[in-house]
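What the coordinates show
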Amino acid sequence: MSDYLRVDERQDVLASLEQCAMSLQQTERSKGAWKWAILSLHSAFQGAMVCHLSGSELRGALDEKDAMKWREWYERDRRGEIEYIPDGVDEFGFSRKRIKKKKDRHPKMWVASPLDLLDRLGCQEMRLEEAGGPILITVQQKESFKEYNNLLRNQFVHFSPCGWSIEFDFIKERMKDVLDIFDMIVKDPYPFRHLSDDEKCELRAQLAKIRSFIKHE
């Protein structure tokens, strides 16, 4: 039997935090490791927002158009309009089924942009479904994450031919603001409710480790 990498959106957040902490430790030997610290913390934070915003229909963090398509698909499925056929068994021996007609397949599931997720996080009226509680985000935190996303994360992901100098204090201040919002998400019992107690403790420990490194680096 083949081995599998099994991960969900909550465990991916934890894995990204672990990578961020390891990357920050590596910056003592290589300044280039800051790139991976920046990217992995962004990945963890975006994942945490997805966990916080996704309700029972799993559409609260989706792009609005895709969320609407998913809601329509769920309604059709609930009414019995989606036809399934048997499709063998999975690796555990359980029966599988697949959708019979191509036109009835699941809609695409594209997550909304990080800045849109942040807006939904702080504004209950913008939510697409019930999920975690509203998070109070300051104007300064919102502007800080905008710079983190647009300048730091996007520049590293889409690095154009150029030279680039950026102060470490600028990086650490933006990371601290992300961690402050992250802490508020973790305090809500909803987003990480499916993690084990050990995983929840590890998530908090990784956040503390990252914060400690940024503070004392």
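Above this note sits the structure.
What comes next is a walk through the structure. (Residues numbered from 1 in each chain as written. Predicted model: local features only at pLDDT ≥ 70, side-chain atom pairs only at ≥ 80, totals over all residues. Heavy atoms only, no water.)

1. A closer look at the pattern of salt bridges
Counted according to the given criterion, the structure contains 16 salt bridges. Across the salt bridge formed by Asp-104 and Arg-76, the nearest N and O atoms sit 2.9 Å from each other. Note that Asp-104 is positioned in the loop between β2 (95-99) and α4 (114-122) and Arg-76 in helix α3 (residues 64-78), a separation of 28 residues in sequence. A relative accessible area of 2% places Asp-104 in the buried class. Arg-98 serves as the salt-bridge partner of Asp-87, at 3.7 Å between the closest nitrogen and oxygen. Of this pair, Asp-87 sits in strand β1 (residues 84-89) while Arg-98 sits in strand β2; the two residues are eleven residues apart in sequence, bridging distant segments of the chain. (Salt bridge = Lys/Arg side-chain N within 4 Å of Asp/Glu carboxyl O. Helix = DSSP H or I, 4+ residues; strand = E, 2+ residues; numbered from the N terminus. Buried < 20%, exposed > 50% of the residue type's maximum accessible area, 1.4 Å probe, protein only.)

2. What to know about helix α1 (residues 9-26)
With 18 residues, α1 should cover 26 Å at 1.5 Å per step; its first-to-last C-alpha distance of 26 Å lies within 8% of that length. Among all positions in α1, only Arg-10, Val-13, Leu-14, Ser-16, Leu-17, Cys-20, Ala-21, Ser-23 and Leu-24 are buried. The opening residue of α1, the one whose side-chain oxygen lies 3.1 Å from the backbone nitrogen of Arg-10, is Asp-8. (Expected span 1.5 Å × (residues − 1). Polar contact = N/O pair within 3.5 Å; in protein donor to acceptor, adjacent residues only side chain to side chain.)

3. Thoughts on the packing of helix α2 (residues 33-53) against α4
Orientation of α2 relative to α4, taken along the N-to-C sense of each, is 45°, at an axis distance of 10 Å. Between α2 and α4, the interaxial angle falls into the category oblique. Pair α2 / α4 crosses with left-handed handedness. Between α2, through His-42, Phe-45, Gln-46, Met-49, Val-50, His-52 and Leu-53, and α4, the contact on the second element is made entirely by Pro-114, Leu-117, Leu-118, Arg-120 and Leu-121. (Axes fitted to C-alpha atoms, helices over the stretch in contact; angles between N-to-C directions. Parallel < 35°, antiparallel > 145°, perpendicular 65-115°, else oblique. Left-handed = near helix turned anticlockwise from the far one by under 90°. Contact = heavy atoms within 4.5 Å.)

4. So, the environment of Gln-46
With respect to the helices and strands, Gln-46 occurs in helix α2. Overall, the relative accessible area of 22% leaves Gln-46 in the partly exposed class. For the pair formed by Gln-46 and Phe-213, sequence separation is 167 residues and the distance between their alpha carbons is 21 Å.

5. Re unusual backbone geometry
Although it is not a glycine, Leu-58 adopts a positive phi angle of roughly 60°. Considering the arrangement of structural elements, one finds Leu-58 in the loop between α2 and α3. Assessed through its relative accessible area of 44%, Leu-58 is described here as partly exposed.

6. Examining the pairing of β2
The sheet contact formed by β1 and β2 spans four bridges and is antiparallel. Directly across from Tyr-84, in β2, lies its bridge partner Ile-99. The turn linking β1 back onto β2 is made up of five residues, and Gly-93 within it adopts a positive phi angle of 90°. (Pairing = 2+ DSSP bridges.)

7. A few points about the layout of surface pockets
By volume, the largest pocket amounts to about 270 Å³. Along the walls of the largest pocket sit Glu-9, Asp-12, Ser-43, Gln-46, Gly-47, Val-50, Ser-54, Leu-58, Ala-61, Leu-62, Met-109 and Val-111, which together make up its complete lining. When residues of the lining of the largest pocket are traced back to their parent elements, those giving at least two are α1 and α2. Among the elements that take part in the lining of the largest pocket, α2 stands out by supplying four residues, more than any other. (1 Å grid on protein atoms, 1.4 Å probe; cavity = no way out; pocket = protein on both sides within 12 Å on 5 of 7 lines; lining within 4 Å. Points joined across faces, edges and corners; volume = space filled by probe spheres on them.)

8. Notes on α3
Compared with the 21 Å implied by 1.5 Å per residue over 15 residues, the 21 Å span of α3 between its first and last C-alpha is a close match. Buried residues of α3: Asp-66, Ala-67, Trp-70 and Trp-73, and no others. When α3 is viewed along its axis, its buried side chains cluster within an angular range of 125° and face the same direction. Facing away from the buried side of α3 by more than 90 degrees, the exposed set consists of Glu-64 and Lys-65. Between the side-chain oxygen of the N-cap and the backbone nitrogen of Lys-65 there are 3.1 Å, and the N-cap of α3 in question is Asp-63. (Arc of directions from axis to C-beta.)

9. Structural notes on the packing of aromatic side chains
What the rule picks out here adds up to seven aromatic pairs. Taken together, a centroid distance of 5.1 Å and an interplanar angle of 70° make the contact between Phe-45 and Phe-145 edge-to-face. Here Phe-45, found in helix α2, pairs with Phe-145, found in helix α5 (residues 139-157); they are 100 residues apart in sequence, far enough to count as distant. Comparing Phe-45 with Phe-145, the two get one shared label, buried. Measuring from ring centre to ring centre gives 6.4 Å for Phe-145 and Tyr-148, while their planes differ by 20°; the resulting arrangement is stacked. Of this pair, Phe-145 and Tyr-148 both sit in helix α5, three residues apart, roughly one helical turn. A relative accessible area of 2% places Phe-145 in the buried class. Seen from the ring of Tyr-84, Lys-97 lies directly overhead, with NZ or CZ sitting 4.3 Å from the centre. (Phe/Tyr/Trp six-rings, centres within 6.5 Å; stacked < 30°, edge-to-face > 60°. Lys NZ or Arg CZ within 6 Å of the ring centre and 35° of its normal.)

This is a description of form; function is not addressed.
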